[in-house]
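Geometric and topological summary
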Amino acid sequence: MAKYHSRYRKPKKPFLQRWLPWKGDSAKMVILKLFTLVLLAVFLGCAGYLVNELVILPAHADQTVDELKEIYYHVSSENETGSSGNDDSQQNDSDDAEEEPEMTDEQIRQQIKQLQKINPDIIGWIKIPNTVIDYPVLQSSESDPEYYLYRDYKGEYTKYGSIFLQAGTALDGSDQNTMLYGHSMKDGRMFAQLLTFSDLDVYKKSPVITFNTAEGGGKWKIISVFKANTYKNQGEPFIYNISSFGSDSDYLDFAYQVYQRSIINTGVDFNENDTMLMLSTCSYEFDGFRTVVAARQVREGEDPAVDTGKASYNAQVVYPECWYDRYGGSMPSWPDTFEEALAQDKIDWYTQP
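Residues numbered from 1 in each chain as written. Predicted model: local features only at pLDDT ≥ 70, side-chain atom pairs only at ≥ 80, totals over all residues. Heavy atoms only, no water.

Counting its secondary structure elements, the protein contains ten helices and ten strands. Considering the protein as a whole, with its 353 residues, one finds that 44% of them fall into the buried category. Considering only residue pairs separated by 6 or more positions, the protein has 64% of its internal contacts joining residues 24 or more positions apart. Carbon and sulfur atoms provide 52% of the accessible area of the protein, an area that totals close to 19400 Å². (Helix = DSSP H or I, 4+ residues; strand = E, 2+ residues; numbered from the N terminus. Buried < 20%, exposed > 50% of the residue type's maximum accessible area, 1.4 Å probe, protein only. Contact = heavy atoms within 4.5 Å. Areas by Shrake-Rupley, 256 points an atom, 1.4 Å probe, with all protein chains shown as cover.)

Pasting the structure below:
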């Protein structure tokens with residue numbers, strides 16, 4: 001009997017006949033094959049999507065930024081050495097990017113001008129040490145203020161977008177508050193690491209921001225890390241993207257709001273002659289939430305180093321109202337204005353200019 005079965009064993013069906021509905025298949029077999037093909041198509045589609053999202057798109061985004069880094073930091077190296085053809089200079093480009101060499105305003109202008117030959121909308125470069133934040137900054141026209149929200153410096157679509165300056169903001173010093181925006185990507189790119197600055201240890205590792213523009217270079221000491229809501233049903237929103245103020249009193253009232261909302265007391269002082277920089281990104285505690293890192297420019301002749309030993313968590317931080325509804329506690333009581341708080345000796349960050 002065994003010999004009979006081995007002699008008359010059924011030949012294997014061709015590959016396509018085994019996987020595709022075929023003439024002579026039973027209805028049950030046709031359904032099974034169709035179901036298998038659907039599952040295979042779903043699997044391949046999901047695999048392709050994940051490869052695209054996790055590998056191809058991030059790599060393309062990195063490559064796009066790296067194209068500008070090579071120019072920006074190479075110009076930096078040339079400025080430092082005074083040579084454009086030295087092999088040692090080219091080998092040290094990556095070191096210059098890490099060590100962030102000190103440069104004059106004129107050297108920085110030349111860096112940005114090189115980038116503006118590629119796209120005149122490139123107005124600067126931002127870098128925060130110990131983070132991945134090391135990006136060109138672009139600015140579009142007021143007629144299309146969010147042009148770079150989902151575009152790279154080439155104008156091509158990317159979910160990563162670009163770091164961009166608020167449209168209409170002047171970089172000649174006439175505006176007191178400069179706003180930069182960027183996505184908070186789940187893979188940690190763009191401005192995502194701003195979310196970690198509410199951790200005191202993270203802040204202590206990176207208390208100074210470098211933001212260079214065509215108008216010159218600058219370092220900025222972080223003064224505040226705060227959460228902001230954008231929907232009125234979460235509490236009255238704090239309008240933080242104001243670029244200029246009618247008086248010193250108005251500006252100091254604004255700074256007072258920035259300081260009392262800070263999760264961290266940075267110990268960095270401030271006065272009405274200082275210029276402010278804000279980095280804003282999406283936060284995910286609530287719908288429409290933002291995390292904002294605010295800094296002030298290092299003054300002329302001031303040491304850019306920060307004594308982070310003075311930093312601590314703010315025991316009276318002001319969050320949006322919805323924060324207390326979810327996490328408990330109550331909003332701390334602060335005087336209404338900067339002048340009142342100063343008179344009551346509740347401000348330790350203000351110094352006379």
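Another point: unusual backbone geometry. The backbone of Asn-130 shows a phi angle near 65 degrees, a positive value even though the residue is not glycine. Secondary-structure assignment places Asn-130 in the loop between strand S1 (122-127) and strand S2 (134-138). Given a relative accessible area of 60%, Asn-130 falls into the exposed group. Although it is not a glycine, Met-190 adopts a positive phi angle of roughly 60 degrees. Tracing the sequence through the fold places Met-190 in the loop between strand S4 (177-181) and helix H7 (200-205).

This part takes up the environment of Leu-149. Tracing the chain through its elements places Leu-149 in the loop between S2 and strand S3 (163-165). Judged by relative accessible area, which is 22%, Leu-149 ranks as partly exposed. For Leu-149 and Ile-163, which are 14 residues apart along the polypeptide, the C-alpha to C-alpha distance reads 7.8 Å. Setting aside chain neighbours within four positions, we find Leu-149 in contact with Tyr-160, Gly-161, Ser-162, Phe-164 and His-183.

Let us look at the packing of aromatic side chains. This model, assessed by the stated rule, comprises 26 aromatic pairs. Ring centres of Phe-226 and Tyr-240 lie 5.8 Å apart, and the angle between their planes is 80 degrees; on these two criteria the pair is classed as edge-to-face. Residue Phe-226 is found in strand S6 (residues 219-228), and its partner Tyr-240 is found in the loop between S6 and helix H8 (248-260); the two are separated by 14 residues along the sequence. Taken as a pair, Phe-226 and Tyr-240 share a single burial class, namely buried. Joined through ring pairs, the aromatic side chains of Phe-226, Phe-238, Tyr-240, Phe-245, Tyr-251, Phe-254, Tyr-259, Phe-270, Phe-338, Trp-349 and Tyr-350 make up one cluster. (Phe/Tyr/Trp six-rings, centres within 6.5 Å; stacked < 30°, edge-to-face > 60°.)

All right, on to the sheet that holds strand S8 (residues 276-282) then. With respect to topology, eight strands assemble into a closed barrel ordered S1-S2-S3-S4-S8-S9-S6-S5, the strand pairing being mixed. Taking the axes of each pair of neighbouring strands and ignoring which way they run, one obtains an average angle of 30 degrees across the sheet. Here seven bridges tie S8 to strand S9 (residues 290-297), and the two strands are oriented antiparallel to one another. Its bridge partner being in S9, Ser-280 is matched across the sheet by Val-292. Lying over the sheet, helix H6 (residues 105-116) contacts S1 and strand S5 (208-213), oriented at roughly 120 degrees with respect to S1. Where H8 meets the sheet, it contacts S4, S6, S8 and S9, and its direction lies at approximately 45 degrees from that of S8. (Pairing = 2+ DSSP bridges. Axes fitted to C-alpha atoms, helices over the stretch in contact; angles between N-to-C directions.)

Counting 78 residues, the largest nonpolar core has Ile-126, Leu-180, Ile-209 and Met-278 as the members making the most contacts within it. By residue number, the principal contributor to this core is H8, which donates seven residues. Dropping the residues within four chain positions of it, Leu-180 is found in contact with Ile-126, Val-137, Ile-163, Phe-164, Leu-165, Phe-191, Phe-211, Leu-277, Met-278, Leu-279 and Ser-280. (Core = buried A, V, L, I, M, F, W, Y, C linked by side-chain atoms within 4.5 Å.)

Let's shift gears to the confidence of the model for the protein. Per-residue pLDDT for the protein has a mean of 86; in total, 83% of the residues score no lower than 70. The low-confidence segment residues 76-98, where pLDDT is below 50, has 28 contacts with residues more than four positions distant or belonging to other chains. (pLDDT = per-residue confidence, 0-100.)

This part is about the pattern of salt bridges. Taken as a whole and assessed by the stated rule, the structure comprises eleven salt bridges. For the salt bridge of Arg-189 with Asp-187, the shortest nitrogen-to-oxygen distance reads 3.1 Å. Linking Asp-269 and Arg-296 is a salt bridge whose minimum nitrogen-to-oxygen distance equals 2.8 Å. With Asp-269 in the loop between strand S7 (264-265) and S8 and Arg-296 in strand S9, this pair connects stretches of sequence that are 27 residues apart. You'll find Asp-269 and Arg-296 in the same group, each marked buried. Among the charged side chains, a network of salt bridges with common partners joins Lys-221, Asp-269, Asp-274, Arg-296, Arg-299 and Glu-302. (Salt bridge = Lys/Arg side-chain N within 4 Å of Asp/Glu carboxyl O.)

With that settled, consider the layout of surface pockets. Considering only enclosed or pocket space, the second largest pocket measures out at about 460 Å³ in volume. As for the second largest pocket, its lining consists of 20 residues, of which Glu-146, Tyr-181, Tyr-240, Ser-280 and Arg-290 are closest to the centre. Looking at which element gives the most residues to the lining of the second largest pocket, the answer is S8, with three residues. For the lining of the second largest pocket, a count of residues per class yields ten nonpolar, eight polar and two charged. (1 Å grid on protein atoms, 1.4 Å probe; cavity = no way out; pocket = protein on both sides within 12 Å on 5 of 7 lines; lining within 4 Å. Points joined across faces, edges and corners; volume = space filled by probe spheres on them. Nonpolar A, V, L, I, M, F, W, Y, C, P; charged D, E, K, R; others polar.)

Okay, the side chain of Thr-178 next. By the element assignment, Thr-178 lies in strand S4. Owing to a relative accessible area of 5%, Thr-178 belongs among the buried residues under this scheme. Among residues more than four places away in sequence, those in contact with Thr-178 are Leu-165, Thr-169, Phe-211, Met-276, Leu-277 and Met-278.

This part is about the environment of Asn-265. Examined against the element boundaries, Asn-265 turns out to sit in strand S7. Non-local contacts of Asn-265, meaning those with residues more than four positions away in its chain, are made with Lys-310, Ala-311, Ser-312, Tyr-313 and Asn-314.

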